[in-house]
Amino acid sequence: MAEGAAPVAFVTGASAGTGREIALALAGAGYDVALVGRRTEALEAVATAIGEHGRDALVLPIELRDAAAVETGIDAFLAWSGGRCDVVVNAAGIPGPLSPDIGGFGVAEFDAVIATNLRAPFLILSRLLPVMRARKSGRIINIGGNHGMRGRAGRSSYSSSKWGLRGLSRSAALEAGKDNVTVNYIAPGPIAVQRMKDGWAARGEAEGASEDAVRKDYVAAMGIALGRTNEPADIVATVLFLVGPGGRNITGQEIVIDGGVIV
Ligand SMILES: NC(=O)c1ccc[n+]([C@@H]2O[C@H](COP(=O)([O-])OP(=O)(O)OC[C@H]3O[C@@H](n4cnc5c(N)ncnc54)[C@H](OP(=O)(O)O)[C@@H]3O)[C@@H](O)[C@H]2O)c1
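As the structure is a prediction and not an experimental result, all values here were calculated from the model. (Residues numbered from 1 in each chain as written. Predicted model: local features only at pLDDT ≥ 70, side-chain atom pairs only at ≥ 80, totals over all residues. Heavy atoms only, no water.)

Student: Can you walk me through the overall build of the protein in this structure?
Tutor: In terms of regular secondary structure, the protein is built from eight helices and seven strands. By the compact-globule yardstick of 18 Å for 263 residues, the protein fits well, its C-alpha radius of gyration being 18 Å. Over its C-alpha atoms, taken along the principal directions, the protein stretches across nearly 55 × 40 × 35 Å. For the protein, the residues scored as buried account for 51% of the 263 residues in total. Contacts in the protein between residues far apart in sequence, at least 24 positions, make up 70% of those at least 6 positions apart. (Helix = DSSP H or I, 4+ residues; strand = E, 2+ residues; numbered from the N terminus. Rg over C-alpha atoms; globule rule 2.2 N^0.38 Å. Buried < 20%, exposed > 50% of the residue type's maximum accessible area, 1.4 Å probe, protein only. Contact = heavy atoms within 4.5 Å.)

Student: What am I meant to see in helix 7 (residues 211–222) here?
Tutor: One turn of the α-helix equals 3.6 residues, which is why residues spaced by three or four share an orientation. Over its 12 residues, helix 7 extends 16 Å from the first C-alpha to the last, a length consistent with the 16 Å expected when each residue adds 1.5 Å. Listed in full, the buried residues belonging to helix 7 are Val214, Arg215, Val219 and Met222. The buried residues of helix 7 occupy an angular sector of 140 degrees when the element is viewed end-on, so they sit on one face. For helix 7, exposure combined with an orientation more than 90 degrees from the buried face picks out Lys216, Ala220 and Ala221. Residues of helix 7 that are buried sit in contact with helix 6 (194–207). (Expected span 1.5 Å × (residues − 1). Arc of directions from axis to C-beta.)

Student: Could you clarify how one ought to interpret the site of the ligand in this entry?
Tutor: Around the ligand, 29 residues are found, and the nearest of them are Ser15, Thr18, Arg38, Ile191 and Arg195. One of the backbone N or O atoms of alanine 91 is found 3.1 Å from an oxygen atom in the ligand. Within the side chain of tyrosine 158, an N or O atom sits 3.2 Å from an oxygen atom of the ligand. The site holding the ligand turns out to be the largest pocket. Taken together, the residues of the shell around the ligand break down into 14 nonpolar, nine polar and six charged. (Near = heavy atom within 4 Å. Polar contact = N/O pair within 3.5 Å; in protein donor to acceptor, adjacent residues only side chain to side chain. 1 Å grid on protein atoms, 1.4 Å probe; cavity = no way out; pocket = protein on both sides within 12 Å on 5 of 7 lines; lining within 4 Å. Sits in = over half its atoms within 2 Å of the grid points. Nonpolar A, V, L, I, M, F, W, Y, C, P; charged D, E, K, R; others polar.)

Student: Looking at this structure, how should I read the sheet that holds strand 1 (residues 8–12)?
Tutor: Backbone hydrogen bonds hold the strands of a sheet together, and the pairing may be parallel or antiparallel. Strands sit in the order 3-2-1-4-5-6-7 across an open sheet of seven strands; the sheet is parallel. At either end of the open sheet lies a strand with only one pairing partner, and these are strand 3 (57–61) and strand 7 (254–257). Going from strand to strand, the sheet's axes swing by 15 degrees on average, the running direction of each strand aside. As defined by bridge partners, strand 6 (residues 181–188) adjoins strand 7 across four bridges and the pair is classed as parallel. (Pairing = 2+ DSSP bridges. Axes fitted to C-alpha atoms, helices over the stretch in contact; angles between N-to-C directions.)

Student: Is there a simple way to think about the packing of aromatic side chains in this case?
Tutor: A ring pair, where both rings are aromatic, is described by two values, the distance of the centres and the angle of the planes. Overall, the coordinates contain three aromatic pairs when judged by the stated rule. Their ring planes at 65 degrees and their centres at 5.0 Å tell us that phenylalanine 10 and phenylalanine 77 sit as a pair that is edge-to-face. Here phenylalanine 10 is found in strand 1, whereas its partner phenylalanine 77 is found in helix 3 (residues 67–81), with 67 residues between them in sequence. The same class applies to phenylalanine 10 and to phenylalanine 77, which are both buried. When the ring centre of tryptophan 163 is taken as origin, the NZ or CZ atom of arginine 166, which lies over that ring, is 4.7 Å away. (Phe/Tyr/Trp six-rings, centres within 6.5 Å; stacked < 30°, edge-to-face > 60°. Lys NZ or Arg CZ within 6 Å of the ring centre and 35° of its normal.)

Student: Quick question: what am I supposed to make of the nonpolar core here?
Tutor: A general feature of soluble globular proteins is that nonpolar side chains tend to end up buried together. Core analysis: the largest hydrophobic core is formed by 36 residues, its most contacted members being Phe10, Phe77 and Leu128. Contributions of two or more residues to this core are made by strand 1, strand 2 (32–37), strand 3, helix 3, helix 4 (107–135), helix 5 (156–176) and strand 6. Per-element tally for this core: the top contributor is helix 4, with 10 residues. In this structure, phenylalanine 10 is in contact with Ala34, Val36, Leu60, Ile74, Phe77, Val87, Val88, Val89, Ile124 and Leu128, ignoring residues within four places of it in sequence. Ala25, Ala27, Val193 and Val236 belong to the second-largest nonpolar core, a separate cluster that totals 33 residues. (Core = buried A, V, L, I, M, F, W, Y, C linked by side-chain atoms within 4.5 Å.)

Student: Can you help me understand the domain arrangement of the protein in this one?
Tutor: Accessible area lost upon the coming together of the parts is a frequently used measure of interface size. For the protein, the assigned domains are domain 1 (8–190 + 231–257) and domain 2 (192–229). Summarising the inter-unit geometry, the C-alpha centres of domain 1 and domain 2 are found 26 Å apart. On the side of domain 2, nine residues touch domain 1, which itself brings eight residues to the contact. When domain 1 packs against domain 2, close to 690 Å² is buried across both sides, 62% of that on carbon and sulfur atoms. It is Pro95, Pro190 and Glu231 that lose the most area in domain 1 upon contact with domain 2, and together they represent 67% of the buried surface on that side. Where domain 1 packs against domain 2, one counts one salt bridge. Connecting domain 1 to domain 2 are one residue pair in polar contact (both at pLDDT 80 or more). Among the residues forming the side of domain 1 that touches domain 2, the class breakdown is three nonpolar, three polar and two charged. (Domains from an automatic or database assignment. Buried area = accessible area lost by both parts, 1.4 Å probe. Salt bridge = Lys/Arg side-chain N within 4 Å of Asp/Glu carboxyl O.)

See below:
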């Protein structure tokens, strides 16, 4: 059970990449953290690292596409936190089909992306937003993407899910503002997480180029003004800002962190 005095955060996507770094940073900032993902072992490794910060962690292996599993997981979370929830970060997400045009992939693939990237945050907000509103306090951060700020050929399902998440975030912000709960959306461009680095390395191997050269090509193709991808720390810093004193009066906003693509 979380200590009574510590603030509590609920973070999805906590087993890998950006969500894991956010969970660790929140623990470093004094939060007890519930860790959501599917891979129990990976979540346990994060929980161990959080223990080293002297904070508590709850490992919550949940298939976020399964509404009943989300319900049960949130029951367990609220039992652990004593009904407290100060911060929610929805960071779990999948890219879905990476290149086919519409017509080149099926509805099951589209549904999987929507269920993970949009419906799961809706399910989570459905349970945790009322808890925050009743306590007259809370900060919610939904991790979208800069493809939620524009269209992108070959990424229709992903882009649709992230645009939808913006609508959910803005509407929730308008509903919950009177109860001192903020809801914001972070729109990252490419983040150099392990999954992306593996992709660059695999392409490099196939093309006989270094991972670094592939990454430079990728940056050029994306038209990134600052000429670099994000590191997870770029997203983490904004999350910490939004949950801290600087975020007190910011709600319903989309904060683009992409090195200057959506300009
Ligand atoms: N990386 C980028 O370039 C980039 C760019 C823009 C936006 N984003 C967004 O930023 C967020 C984090 O991305 P990332 O690349 O850092 O993540 P990642 O390394 O690919 O990890 C994805 C995370 O989501 C969890 N997840 C995926 N599907 C799930 C499901 N059905 N049920 C439960 N958990 C699930 C995974 O947990 P398990 O593996 O344990 O299931 C994992 O913790 C995502 O919302 C993504 O769309 C990423």
